[in-house]
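# Structural description and commentary
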Amino acid sequence: MPARAVCCLCLMYCCLMGGAMVGIMHADVTDAAEILALQRLAYQSEAALYGDWSIPPLCQTLDQMQQDLQSMTVLKACDGKIIVGSVRGLVRDGRCELGRLIVHPDCQGKGIGSGLVRALESALPQVTRFELFTGSRSEANIRLYQRLGYSAFDRKCLSASVELVMLEKVRP
């Protein structure tokens, strides 16, 4: 489990990535373009898996990203000054819709995604239930979320070729 440090200005998680320290903190509107570029890179593998390059993460505009940064809790993982990961959460009625967990392809498998999810959960102590979805073919994503304590509670057919797995984590 990553070491944690909390200060009055930001939430900071530290993950070790190949010997380098990766900090996790709140993102703001000035990070929009860099997070959007990373999102487009990170979702290429999902688009290829489903043969669909029109998925929402690849079509999101800079203006929409800026709106997300203003209306959601958005965290970023930084290796120095470079953003290598991000996650966002929208809180409604005591639950959080967790989404758009992204990690640079060269940095995957090093605990950054897990660190981002844990940091988001820690940043939202008032939330009693976290929900997210991923494609049924995204087996690595499903395994990651299950390792973090999430379990499937529903499936939704998005199209003839895409089925979503809905996962949740309930806190006592």
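This structure is a prediction, so every number in the text was calculated from the model and none was measured.

### Some thoughts on unusual backbone geometry
Phi at Asp93 is positive, roughly 50 degrees, even though this residue is not glycine. Locating Asp93 in the fold gives a position in the loop between strand S5 (82-92) and strand S6 (95-103). Phi angles above zero are rare outside glycine, and Arg100 is one such case at about 50 degrees.

### Side note on the pattern of salt bridges
Where charged atoms from two side chains of opposite charge approach closely, those side chains can pair. In total, this model carries nine salt bridges according to the counting rule given. Residues Glu131 and Arg129 are paired through a salt bridge, measuring 2.5 Å at the closest nitrogen-oxygen approach. According to the relative accessible area criterion, Glu131 is buried, its value standing at 17%. Judged by its relative accessible area of 25%, Arg129 is partly exposed. Ionic pairing is found between Glu168 and Arg129, a salt bridge with its closest N-O pair at 2.7 Å. Of the two residues, Glu168 sits in strand S9 (residues 163-170) while Arg129 sits in strand S7 (residues 129-135), which places them 39 residues apart along the sequence. Relative accessible area serves as the criterion here: at 16%, Glu168 is assigned to the buried category.

### Some points on helix H6 (residues 139-147)
Regarding H6, the residues found buried are Ile142, Leu144 and Tyr145. Across the axial projection of H6, the buried residues extend over an arc of 160 degrees, all falling on one side. Away from its buried face by more than 90 degrees, H6 exposes Glu139 and Arg147. Tucked into the core, H6 has its buried residues touching S6, helix H5 (112-123), S7 and S9. Where H6 terminates, the next one or two residues include Gly149, which has phi positive at roughly 95 degrees.

### Regarding the pairing of strand S4 (residues 73-79)
Summarising burial for S4: six of the seven residues are buried, a large majority. In this structure, S4 lies alongside S5, joined through seven bridges in antiparallel fashion. Opposite Ala77, over in S5, you have Gly85 as the bridge partner.

### Side note on the side chain of Gln60
The topology assignment puts Gln60 in the loop between helix H3 (56-59) and helix H4 (62-71). Here Asp68 takes part through its side chain, which lies 2.8 Å from a polar atom of the side chain of Gln60. For Gln60, the side chain forms a polar contact with the side chain of Arg88, separated by 3.4 Å. Apart from residues no more than four positions distant in its own chain, Gln60 is found in contact with Leu36, Gln39, Arg40, Met65, Asp68, Arg88 and Arg100.

The rules we used
- Residues numbered from 1 in each chain as written.
- Predicted model: local features only at pLDDT ≥ 70, side-chain atom pairs only at ≥ 80, totals over all residues.
- Heavy atoms only, no water.
- Helix = DSSP H or I, 4+ residues; strand = E, 2+ residues; numbered from the N terminus.
- Salt bridge = Lys/Arg side-chain N within 4 Å of Asp/Glu carboxyl O.
- Buried < 20%, exposed > 50% of the residue type's maximum accessible area, 1.4 Å probe, protein only.
- Arc of directions from axis to C-beta.
- Contact = heavy atoms within 4.5 Å.
- Pairing = 2+ DSSP bridges.
- Polar contact = N/O pair within 3.5 Å; in protein donor to acceptor, adjacent residues only side chain to side chain.

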